[in-house]
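A structural walkthrough
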Amino acid sequence: MARQKHFVKVCSCTPRGDLSIKSLQVLNQIVRDEEASISRVKNARRMAQRALALGDICMAAGCPIKAIRIWRKAAQRLLAMDYYWVDVPLYFEAYTSFDHLVSEKDGITLGRRIDKAWHLLGHREMATWARHMRIAYSEMWLDRYYEALP
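Sequence order as written defines the numbering, with residues in each chain counted from 1. Confidence filtering applies because this is a predicted model: local features only for residues at pLDDT of at least 70, side-chain atom pairs given and counted only at 80 or more, and all residues used for totals across whole chains, interfaces and linings. Just so you know, side-chain values use all the structure's heavy atoms and leave hydrogens and water out.

As for the side chain of Asp 82
Convention followed: Numbering of helices and strands runs from the N terminus; a helix is a DSSP stretch of H or I covering at least four residues, while a strand is a stretch of E covering at least two. Per-residue accessibility, obtained with a 1.4 Å probe over protein chains only, is compared with the maximum for each type, and a residue is labelled buried under 20%, exposed over 50%, and partly exposed between these values. For this count, His and the chain ends are skipped, Lys and Arg are scored as positive, and Asp and Glu as negative. Any carboxyl oxygen of Asp or Glu within 4 Å of a side-chain nitrogen of Lys or Arg constitutes a salt bridge here. Pairing of N or O atoms within 3.5 Å defines a polar contact, subject to two protein rules: one partner must be a possible hydrogen donor and the other a possible acceptor, and residues neighboring in sequence count only if both atoms are side-chain atoms. Residue contacts follow a heavy-atom distance rule, with two residues in contact if any of their heavy atoms lie within 4.5 Å.
Here Asp 82 lies in helix α3 (residues 64-87). Here Asp 82 is buried and forms no salt bridge, its nearest opposite-charge partner Arg 45 lying at an N-O distance of 6.8 Å. From its side chain, Asp 82 meets the backbone nitrogen of Ser 103 in a polar contact 2.9 Å long. Ignoring sequence-local partners within four residues, the contact set of Asp 82 consists of Ala 44, Leu 101, Val 102, Ser 103, Glu 104, Tyr 137 and Met 140.

This is how it looks when you write it as structure tokens:
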């Protein structure tokens, strides 16, 4: 007789198409494991996409503070990874631009998700991350090209 496998139900879909997490211990374990793997990712865009997906799972499970914490940590790490390109000498600037090297779109997306979560929690005053990310990338561009300005 074959050995039966036993599975723990982790999540299910609601009739509206939302995700429902059944066990918060499993969610916490998933978050810990995925945060550890995200911290090892060297590609900034891939890191941002994985953090966005993990935060979406937390939001669907009804844990917006956990999602905000994940997204905020990813946004700070993304800025640090992208700021590396400010001082790197680019010998191929005729063929590429600074916008192709940094992950500005992903950073602003992270900021918008953080702001949306704060709005859902009723704290509109905390929703400043999208603006913060735009300013940071604008200053990053100015740091790179300041001497080239007329």
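From this point, things continue past the structure.
Here we look at the packing of aromatic side chains
Between two aromatic rings, the relevant description is the distance of the centres plus the angle of the planes. This is how the line gets drawn: Classification of ring pairs rests on two measures: the distance between centres of Phe, Tyr or Trp rings, Trp counted by its six-membered ring, which must be within 6.5 Å, and the angle between planes, read as stacked under 30 degrees, edge-to-face over 60 and tilted in between.
Summed over the entire model, instances satisfying the criterion amount to one aromatic pair. Summarising the aromatic geometry, the rings of Tyr 84 and Trp 85 are spaced 5.5 Å apart at their centres and angled 70° between planes, so their arrangement reads as edge-to-face. For Trp 85, a relative accessible area of 26% translates into the label partly exposed.

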